[in-house]
Amino acid sequence: MRNSICNFSEIKPLKKVLMHRPGEEFLNLTPNTLDRLLFDDIPYLKIAQQEHDAYANALRAEGVEVVYLTDLAAEALEAGGRTVRKKFLEQFIVEAGVTSPKIAKHCFDFLNAIKDTRDLVRKCIAGIDISELKKLGSVSGFYATRDTGKMIIDPIPNILFQRDPMATVGHGATLHKMWAVTRTRESIFAEYIFKYHPFYDDVKLYYDRTEPYSIEGGDIQVLSPEVVAIGISQRTEPDAIANFAKNLFKDKNNAFKYVLAIDIPDERSFMHLDTVMTQVDVDKFAVQDAIMDISTIYELTPGRGGEIEIVEIHQSLQKVLEKYLHLNKVELIKCGNGKRIDAEREQWSDGVNLLCIKPGVVVAYDRNFVTNQTLRKHGIRVIEIPSSELSRGRGGSHCMSMALVREEA
């Protein structure tokens, strides 16, 4: 078995990570479409790319291999040949909500004419404006009366956050049914990577995007070779967690014993578990103050006949982490050093959404200076990256990355 995926921890030394460098999808954001596309602001693309490059270079400087979604998706389509390329485009156009057969054909012809596969993937992410079809003369008559500037296929700006459409767990992965319709297409790229990429086509899936219940990767944290924590949130349903746990426990190649389902409030500031809690060292977690009051946590363990047993845990988050990680004491480091105004401001720009590169070393936005200084006082080395534009998307270094390989215990 190749074990192209290896992720049994949030903190073990990171060897390989998946990211998406922002592209023209940001240029197709407008004030009128922000709500529909679940984006809070319009980043300046040039600076956002510079900031993202700085993030990638900071990881490389620590010995981490950075791979990009556009490259892996393009390699998968190329490996599959013309038949797979055709299947992908037809599926993508349907999932983009194009219902008119004639417009769908125009979109297919337009995309299929793009020879370079990486450019094709980038264009799918960027979206299609009707004016682009008009320039090629592919739309005429009745269909040409549609407004120039109208997006026939919406951009996918949230694909910047590679933590969400998929997650790596042990030697396998989860492929997600996204909560919002506008984000559905984000996981289609990983679907084709796991089906057709010659290096990843053997990856075992513990959840599939065709399942009926939504789940997103920002809620999934692999805390140890025994424990996976998942947030029950606005975007991750309890039934999804139960199905994931069943599939995970069936795999004898892993030794996972527990899935901890943490019920977090259905609020914008608690969008995913990683917006309010990430592990930064063996015995340290960066947290948003409000999560410390959470008392509803469930333990999922293997039961008889392939079913799972679910038990409610009546302990604080800190006590639960200490018990399941076999630690005498877990330190919870508060966003904004626990000061309300600082915490609220820096929580808005993902002060505790941190990627741990190795125990005690994290990547953070430079703008969250109070939280970063607090982390340093607790012995954490903080690598700061510029964040004026990336932070507009409401996701930090943890959101923008998906660990593919970490050093095993």
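A quick note: this is a predicted structure, and the numbers were derived from the prediction, not measured.

Colleague: Explain helix H3 (residues 101–112) here, please?
Modeller: Since the α-helix advances by 3.6 residues per turn, residues separated by three or four positions end up pointing in the same direction. Given a rise of 1.5 Å per residue, 12 residues ought to cover 16 Å, and the 16 Å separating the end C-alpha atoms of H3 matches this to within 8%. Listing the buried residues of H3 in full gives Ile103, Ala104, His106, Cys107, Phe108, Phe110 and Leu111.

Colleague: Explain the packing of helix H2 (residues 69–95) against helix H6 (residues 188–196) here, please?
Modeller: Angle between the axes and distance between the axes: these two values describe a pair of packed helices. Running from N to C, H2 and H6 cross one another at 125°; their axes reach a closest spacing of 9 Å. Our classification of the angle between H2 and H6 gives oblique. Viewed along their axes, H2 and H6 form a crossing whose handedness is right-handed. For the pair H2 and H6, contact is made by Leu69, Leu72, Ala73, Ala76, Leu77, Ala79, Val84, Lys87, Phe88, Gln91, Phe92 and Glu95 and by Ile188, Phe189, Glu191, Tyr192, Ile193, Lys195 and Tyr196, respectively.

Colleague: How should I be thinking about the nonpolar core in this particular structure?
Modeller: Burial of nonpolar side chains together is a common tendency in soluble globular proteins. Within the largest apolar cluster, 71 residues are counted, with the highest numbers of intra-cluster contacts made by Phe189 and Val259. For this core, the element with the highest residue contribution is H2, accounting for 11 residues. Those residues in contact with Val259 that lie beyond four places of it in its chain are Val228, Ile230, Ile241, Phe244, Ala245, Leu248, Phe249, Tyr298, Glu299 and Leu300.

Colleague: Would you mind going over the packing of aromatic side chains with me for this structure?
Modeller: Each pair of aromatic rings is reported with the distance of its centres and the angle of its planes. Summed over the entire model, instances satisfying the criterion amount to 10 aromatic pairs. Geometrically, the ring pair formed by Phe39 and Phe161 is stacked, given 6.5 Å between the ring centres and 25° between the ring planes. Of the two residues, Phe39 sits in the loop between strand E1 (14–19) and helix H1 (45–61) while Phe161 sits in the loop between strand E4 (151–153) and strand E5 (166–169), which places them 122 residues apart along the sequence. In this structure, Phe39 and Phe161 share a single accessibility class: buried.

Colleague: Teacher, can you tell me more about unusual backbone geometry here?
Modeller: For residues that are not glycine, phi is negative in most cases, and the peptide bond is trans in most cases. Here the phi dihedral of Leu38 falls at roughly 60°; this positive angle occurs in a residue that is not glycine. Within the fold, Leu38 resides in the loop between E1 and H1. Despite not being glycine, Asp350 shows a phi value in the positive range, around 60°. Note that Asp350 resides in the loop between helix H9 (340–348) and strand E16 (355–358). Taking the relative accessible area as the measure of exposure, Asp350 reaches 5% and is therefore buried.

Colleague: How should I be thinking about H2 in this particular structure?
Modeller: Helix length check: H2, at 27 residues, gives a terminal C-alpha distance of 19 Å against a target of 39 Å (1.5 Å per residue), a shortfall beyond 12%. Along H2, the largest kink reaches about 130° and is centred on Gly81. Gly97, located one to two residues past H2, shows a positive phi value of around 90°.

Colleague: Looking at this structure, how should I read the sheet that holds E16?
Modeller: The three strands are arranged E16-E17-E18 in an open sheet whose pairing can be described as mixed. Every interior strand has two partners, whereas the edge strands, E16 and strand E18 (381–385), have only one. Put simply, the sheet's adjacent strands are angled 30° from each other on average, direction ignored. The sheet contact formed by E16 and strand E17 (residues 361–365) spans three bridges and is antiparallel. Bridge pairing in E17 links Leu355 to Val363. Strand contacts of helix H10 (residues 369–377): E17 and E18, with the helix running at about 155° to E18, the strand carrying the most contacts.

Colleague: Got a minute to help me understand the pairing of strand E9 (residues 227–232) in this structure?
Modeller: Remember that side chains alternate between the two faces of the sheet whenever the strand is regular. For E9, a buried count of six out of six residues is recorded, marking the element as mostly surrounded by other parts of the structure. The alternating pattern of E9 places Val227, Ala229 and Gly231 on one face and Val228, Ile230 and Ile232 on the opposite face, and all of these are buried. Both strand E8 (residues 220–222) and E9 contribute to a ladder of three bridges, which runs antiparallel. Each residue of the ladder has a partner; that of Val222, found in E9, is Val228. Hairpin connection from E8 to E9: four residues lie between these consecutive antiparallel strands. Pairing of E9 with strand E10 (residues 258–263) involves six bridges; the strand directions are parallel. Considered in E10, the bridge of Ile230 is made with Ala261.

Colleague: Sorry if this is basic, but what is going on with the pairing of strand E11 (residues 277–281) here?
Modeller: Within E11, five of the five residues are buried, which leaves it mostly tucked inside the rest of the structure. Where E11 and strand E12 (residues 284–287) come together, four bridges link them in antiparallel fashion. By the bridge assignment for E12, Gln279 is matched with Phe285. Here E11 hands over to E12 after two residues, the two strands then running antiparallel side by side.

Thresholds, definitions, all that
Residues numbered from 1 in each chain as written. Predicted model: local features only at pLDDT ≥ 70, side-chain atom pairs only at ≥ 80, totals over all residues. Heavy atoms only, no water. Helix = DSSP H or I, 4+ residues; strand = E, 2+ residues; numbered from the N terminus. Expected span 1.5 Å × (residues − 1). Buried < 20%, exposed > 50% of the residue type's maximum accessible area, 1.4 Å probe, protein only. Axes fitted to C-alpha atoms, helices over the stretch in contact; angles between N-to-C directions. Parallel < 35°, antiparallel > 145°, perpendicular 65-115°, else oblique. Left-handed = near helix turned anticlockwise from the far one by under 90°. Contact = heavy atoms within 4.5 Å. Core = buried A, V, L, I, M, F, W, Y, C linked by side-chain atoms within 4.5 Å. Phe/Tyr/Trp six-rings, centres within 6.5 Å; stacked < 30°, edge-to-face > 60°. Bend = angle between axes of the 7 residues up to and from the residue. Pairing = 2+ DSSP bridges.

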